[in-house]
Structures are given as C-alpha cells and as structure tokens.
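# Secondary and tertiary structure notes
Residue strings, one per chain:
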Amino acid sequence: MLSQGKCKSQSIPLGSQVANSYDPPVCGSREGGIATPAGRTESAVKMESMIEVRDLVKVFGSFTAVDHICFSVPRGGIRAFLGPNGAGKTTTIKMLTTVLAPTSGRIRIAGHDPVRQPMLVRRAFGIVFQDPSLDDELTALENLALHAALYGVPRKEQGQRVESLLGFVGLWERRDDYVKHFSGGMKRRLEIARAFLHQPRVLFLDEPTLGLDPQTRSHIWEFVKALAKEQSVTVFFTTHAMEEAERVADDITVIDHGKIVTEGTAGALRQATGTASLEEAFIALTGRSIREDEASPADRMRMMRRAWRGR
Amino acid sequence: MRAVWILWLRQLKRYSRSRARMIGSLGQPLLFLLALGFGFGPVFARAGNGNYLEFVAPGIMTMGIIFTGVFGGIEIIWDRQFGFLKETLVAPVPRLAIVLGRTLGGATVSLLQGLIVFVICLIAGFRIHHPALLPIALVFMALIAILFTAIGTAIGSVLRDMQGFQLIMNFLVMPLFFFSNALFPVAGLPGPLRVVVLLNPLSYGVAGMRQAFSGGIGFDMVTDVVVLGALATVLLGVSSFLFSRIEA
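So, how was this worked out
- Counting restarts for each chain: residues are numbered from 1 in the order of the written sequence.
- Just so you know, chain letters begin at A and ligand numbers begin at 1, following the order they were written in.
- Local features in this predicted model are restricted to residues whose pLDDT is 70 or higher, and side-chain atom pairs enter the listing and the counts only when it is 80 or higher, whereas totals over whole chains, interfaces and linings include all residues.
- Helix and strand labels come from DSSP, where a helix needs a run of H or I of at least four residues and a strand needs a run of E of at least two; each type is numbered from the N terminus.
- Radius of gyration means the value over C-alpha atoms here, while the globule rule gives 2.2 Å times the residue count to the 0.38 power.
- Burial is judged by counting the other C-beta atoms within 10 Å of a residue's own C-beta: 20 or more makes it buried, 12 or fewer makes it exposed, and any count in between marks it as partly exposed, with every C-beta position built from the backbone.
- What counts as a contact here is a pair of residues whose C-beta atoms, placed from the backbone, lie within 7 Å.
- A strand pair is defined by DSSP finding two or more bridges across the two strands.
- Note on method: axes are straight lines fitted to C-alpha atoms, helices fitted across the in-contact stretch only, with angles between N-to-C directions ranging 0 to 180 degrees.
- It is the rotation of the near helix from the far one that decides the hand of a crossing: anticlockwise by less than a right angle makes it left-handed, clockwise makes it right-handed.
- Basically, the charged four are Asp, Glu, Lys and Arg, the nonpolar ten are Ala, Val, Leu, Ile, Met, Phe, Trp, Tyr, Cys and Pro, and anything else, Gly included, counts as polar.
- Each nonpolar core reported here comprises buried Ala, Val, Leu, Ile, Met, Phe, Trp, Tyr and Cys residues connected via C-beta atoms within 7 Å.
- Known as pLDDT, the predictor's per-residue confidence is scaled from 0 to 100.

Below, the discussion takes up the overall build of chain B. The secondary structure content of chain B amounts to 11 helices and 0 strands. Each helix and strand of chain B, placed in order from N terminus to C terminus, yields the pattern α-α-α-α-α-α-α-α-α-α-α. Taken against the 2.2 N^0.38 rule, which gives 18 Å for 248 residues, the C-alpha radius of gyration of chain B at 18 Å falls within 12% of a compact globule. Per-residue burial for chain B yields a buried fraction of 47% across its 248 residues.

Structure follows, in structure tokens:
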C-alpha cells in the first residue's frame, strides 16, 4: 500500500463526475477520494510511471513554493506542466532534476531517487533549460562533444549519434560554427539535439519555445515529438503557450500557489470548466490576477543580454 | 576523468580564442615592467641592491599569473549568468570533477599567461643564470597558478553577480600582490609590513621563482613548495565545497 499523502489535487470546485473522468494522480487514492482506474493496480501504475512525485514540498523560509504535490507521468507520455508565474513550476523541475533538495516528499525519476541517487537520475534525464545553456565561445560540435564527455557517451557511438541528431535538427552544415553566431531558434535546436545525445529516458523542457517565432516553435515541437517517439522518451514540459500544451501534450497538470489545481487532458479541462479553449480553462482555474515576480539576477542578466546583443 | 579533461580543454579553447583577453591582461604586467622595472632601476642600483629588472621580473610574471588565475576562477559567475553552468550541474559528474577541470584549466591558462610575460621580460633584458633550474621556476609558477585560480573559483561560487568583482580585485588581489615581496625585498621592511609580507602566501611563490631564476638553490625552496602546495590543496578543497553548495 502506498503511504498516505496529503495531496489535495482534487480539491478544486469541479463537478465530481468530471473529476472522476480524469486520469487521477497516483496518490489521489487516499482520503477516500478518487479510485484508481479499473484494471490498473497501484503497483502497475507505479511500475510504468517514469516520473513519480508524491507529497513533494519545498519551503523557502516562510514561503511554501511547492505544497504537497503529487503526480505521475507514464512511460512515453508527454505531460504539460502549466501554471502562472511563481506557481512553483520551475522549483518543481529543479527538484526533479537534482539541483534543488526538496523539503520533504518522494520523487522517482525512472525509478531513482534524485536525493539519494543523483548520478543515476542525472544519467536518466535530459533537459532544455529556460535560458540558453550552451557555451557561446565553442562550436556546435564542441558543445556536443563536451556534453558527450560529461555524460560518458561511448566514443564509438558519439560521432554517429552527433551526426544523426545534428542532421535531424538541421544543423549539420553549421556544425563548425560558433554558437555565438546562432539565432535563438538555432540555439534551441542545438540544445534539443544535445538533450537527446546521451539517450535519456525522461526529457524536461522548461519553457523551451519562449521568445521564438511561431515557425520555429512548431519546428521545435516536431523535433521533440519525433525524437521522443523514436527513443520512447517521457517528456515533461512547462509553457505559457496554451495552444502548445493542447497540441503537444497527452495530459496537462495545472499548478498554482504551489498546489496541483487539476490534471487531465485538454478536453477534460475545458469540459470541467465549461470553457471553449484551454486558455480560458486555465484562467478559470488559476484566476485573473497578475502575478508579480521579483527580478532575479538571471532576469537582470537576460535584460542585459538583450540590450547588448540586440536580441 | 573524461569530464575533468573536457572542462580543462574548454578553458584552454576559450582562452586561445579570445585574443582581446589575452592581450588585455598583458597590459598591466607590461606597464609595471616598463614603468617600475626601468623607473626604479637607478634607485635600486644606487642602494646597492643590484639590477632591479632582474629582481622585479619574477614579481611581474607572478602578477600576470594571479590576475589571470583569479579572473579565470571568477568566470564561474559568468557561466552561471549565461546559463552554461547549469549544463555542468545536471551532468552525472561529481562536483569535485567539475571544480578540478575548471580550476586546472584556468591555472593552465594563467601559467601560459605567466610564460608570455616571461618572454616579454627576456626581451626587456631579463636574464636567467641557470637554464637547468627553469623547471623549478615552472613548478612555482604552476603552484601559484593553481592556488589563485582556486581562490577565484571559491569566490565565484559564492558571488551571485559580477558587481562584487571590483571589490575582490581591489581588496583581495591587489593587496595580496602589493603586500608581497614581488616589488621590493623583505629585508629592511618596517616590522608590521614585514609580518604581513611574510604571512602572504604569494611571497613564498615569488621567493621560490626568484631563487630558481637567479641560480641559487637551497633548503628554503622546499619550505616555499610545501607552503604553496599545502595552501593550493586546501583552497581546492574549499572551492569544491563552496561550489558543491551552488543550487542552480
């Protein structure tokens, strides 16, 4: 039996019959709440989930950024993680990717614990960060070689993998160019190729299409979907572009004020809120108030970068 | 091991590609060499201390090394703000390997910088007496390079942005340089200053280099190596501890 959680993901004022039509989170089974769907025992759900989060909490001082959240993403699933600014998305991703220690709760990435087995977890996932994380002073090839060395990609396979990934994202011809001469979209494509280089089982994308034009955005998602399917990679991404979430994701998890508000397909969310689009459903679920974030050093650096590089 | 090597290589590539940085960081030592080396020469000779250029050249080389070293370490801030650091933080590599790769890379770069200053000193008229002792001088230069790059790495792991950089330069690096035996001999210094200079680890490095270049070899060289080596090891430990506390 799973431990008793305090996850309150179903506490939103949705019609109960609608809530039942959702794919409930694994830990939704406590508090006499929602039963697991027929034919899937909890252990089966657990076995096939690539990302499993239970009762995850992160407290900064007196502020609870993430408050007893629960969800799981099945193998090969594509999950959108939506929420207003400051809802706890990035904090959650940081905990899932071993760079931030949770206050309490349980995480499993491909069956491993980020707190106790960080190296196994890091080997199992690839990530595309919100901000570019390439070395501008190196070429595309050198950036990939660096990644391959850090992840211990076998040298024999490295060349072939690099060539096919760069070819796939359309950068093979530019492989010897410095990344500083790349456009925002090219950098993103390179980062996606890089994230797949060590053949991860889970791919995290934190607002991967921020600031890109619609053509590039659609391309980026084509690459991600095709590569994820080919290597049966589980995808977990955040975005503010609702149409992307609707088009790309199998399921959507909505977080606000550190709590999971709801979870389900885009259709189920629209239906539950009686709205016509996911955007309206999102606003219905998270309210209309604008969230103010304090500028972090990273934000200031982003602004400086824009000012200096005209981008 | 592969991770340490690739991060070391990265520092070298970045250095070799940034000609502006290479030339820019030569400006200061060059200025000191020309202004002090030739300017103080007559006074120094009149005081009966011999050739000042001969005396000050190791100090100027040290200057090239420590400034490049600290800057190379502090580059972590740059990497953090431009995002590359995250790539290394989520990689399945121990933090120690990252620190080692970066620090050894930065140290190699600053050693190269020191060697360029060495060549410039030769052109300016600096002469070494026993070329066979050159490797010993190199050992000292390498130790100074590692020590100061590790200091830079430690500082870079703690600072959030480059705004503190000036502070570090003016209140740590400059004093370490000026309150050492790089520019003047220890003998005859007033008491308190003498104590400060002797407590300064840089003094041991400069003393070792000076001795190796001038052809003297003695027991105090061992002391110099031990002090520098021990301190470099400690600083490497401190910097990897501080680095491991970075949360992306």
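Next comes the rest of the write-up.
Helix and strand counts for chain A come out as 12 helices and 9 strands. By the burial criterion, 47% of the 311 residues in chain A qualify as buried. By sequence separation, contacts in chain A at least 24 residues apart represent 68% of the contacts at least 6 residues apart.

Attention now goes to the sheet that holds strand β5 (residues 125-128) of chain A. Residue and element names in this part refer to chain A. Taken in spatial order, the 6 strands line up as β5-β6-β7-β3-β8-β9 in an open sheet, and their pairing is mixed. Two strands lie at the open edges of the sheet, namely β5 and β9 (259-264), each paired on one side alone. Between one strand axis and the next, the sheet turns through 15 degrees on average, direction left out of account. Note that strand β3 (residues 78-82) and strand β8 (residues 251-256) share 4 bridges and pair parallel. Each bridged residue has a counterpart across the sheet, and for Arg79 the counterpart in β8 is Asp251. Each of β3, β6 (202-206), β7 (234-238) and β8 is contacted by helix α3 (residues 89-96), which is oriented at about 150 degrees to β6, the strand it contacts most.

A word on the pairing of β6 of chain A. All names here are of chain A. Judged by how many residues are buried, β6 sits mostly within the fold: 5 of 5 residues are covered. Neither face of β6 is left uncovered, since the one carrying Val202, Phe204 and Asp206 and the one carrying Leu203 and Leu205 both have all their residues buried. Taken together, the 4 bridges between β5 and β6 define a ladder with parallel strand orientation. Along β6, the bridge assignment pairs Val128 with Leu205. Note that β6 and β7 share 5 bridges and pair parallel. What sits directly across from Leu205, in β7, is Phe237.

All names here are of chain A. Closest axis-to-axis distance for the helix α6 (residues 155-168)/helix α7 (residues 184-197) pair is 9 Å, and the angle between their directions is 145 degrees. α7 is crossed by α6, and the crossing has right-handed handedness. Residues Arg161, Val162, Leu165, Leu166 and Phe168 of α6 pack against Ala193, Phe196 and Leu197 of α7. Considering only residue class, the contact of α6 with α7 consists of 7 nonpolar, no polar and 1 charged.

Counting residues at the interface gives 25 residues for chain A, matched by 22 residues for chain B. Tallied by class, the residues present in the side of chain A that touches chain B amount to 15 nonpolar, 4 polar and 6 charged.

A few words on the sheet that holds strand β1 (residues 49-60) of chain A. Across a sheet, paired strands are connected by hydrogen bonds in the backbone, their directions being either parallel or antiparallel. All names here are of chain A. One open sheet accounts for 3 strands, arranged β2-β1-β4; its pairing is antiparallel. Both outer strands of the open sheet, β2 (63-74) and β4 (104-109), are each paired with one neighbouring strand and no more. In this sheet, adjacent strand axes meet at a mean angle of 15 degrees when their direction is disregarded. Inspection of the sheet shows β1 paired to β4 by 5 bridges, in the antiparallel sense. If you follow Glu52 over to β4, its bridge partner there is Arg108.

Bringing the packing of helix α1 (residues 2-17) of chain B against helix α6 (residues 95-124) of chain B into the picture now. All names here are of chain B. Direction vectors running N to C along α1 and α6 enclose 35 degrees, while the axes themselves pass 7 Å from each other. As for the relative orientation of α1 and α6, their crossing is right-handed in sense. Facing Ala3, Val4, Leu7, Trp8, Arg10, Gln11, Leu12 and Tyr15 of α1, the residues of α6 in contact are Ala97, Ile98, Leu100, Gly101, Arg102, Leu104, Gly105, Gly106, Thr108 and Val109. Considering only residue class, the contact of α1 with α6 consists of 11 nonpolar, 5 polar and 2 charged.

Of all hydrophobic cores here, the largest spans 145 residues; its most connected members are Val202 of chain A together with Met141, Ile144 and Leu147 of chain B. A total of 16 residues in this core trace back to one element, the largest contributor, which is helix α4 (residues 52-81) of chain B. When neighbours within four sequence positions are excluded, Leu147 of chain B is seen to be in contact with Pro201, Leu228, Leu231, Ala232 and Leu235 of chain B.

With that settled, the discussion passes to the environment of Phe32 of chain B. Among the structural elements, Phe32 of chain B can be located in helix α2 (residues 19-39). Residues Phe32 of chain B and Tyr52 of chain B, spaced 20 residues apart in sequence, show a C-alpha to C-alpha distance of 12 Å.

Moving on, we come to helix α5 (residues 140-150) of chain A. Where burial is concerned, most of α5 of chain A is hidden: 10 out of the 11 residues are buried. Inspection of α5 of chain A places Ala140, Glu142, Asn143, Leu144, Ala145, Leu146, His147, Ala148, Ala149 and Leu150 of chain A among the buried residues, and these make up the whole buried set. For α5 of chain A, the elements touching its buried residues are α6 and α7 of chain A together with α1 and α5 (84-89) of chain B. Just past α5 of chain A, the residue Gly152 of chain A takes up positive phi, approximately 60 degrees.

Right, let's talk about the confidence of the model for chain A for a bit. Residues and elements named next belong to chain A. Per-residue confidence for chain A gives a mean pLDDT of 82, with 78% of residues at or over 70. In the model of chain A, helix α1 (residues 16-21) stands out as the element of lowest mean pLDDT, 40, in contrast to α5, which has the highest, 96. Note that pLDDT drops below 50 for residues 9-26; the model gives that stretch 43 contacts with residues more than four away or on any other chain. Here residues 28-46 is a poorly scored stretch, pLDDT under 50, and it has 26 contacts once near neighbours within four places are set aside; other chains count.

Residue and element names in this part refer to chain A. For Asp55, which is not a glycine, the phi torsion comes out positive at approximately 55 degrees. Examined against the element boundaries, Asp55 turns out to sit in strand β1. The buried category is assigned to Asp55, around which 20 C-beta atoms lie within 10 Å. One non-glycine residue, Ser232, lies in the positive phi region at around 40 degrees. Following the sequence through the fold, Ser232 ends up in the loop between α8 (214-230) and β7.

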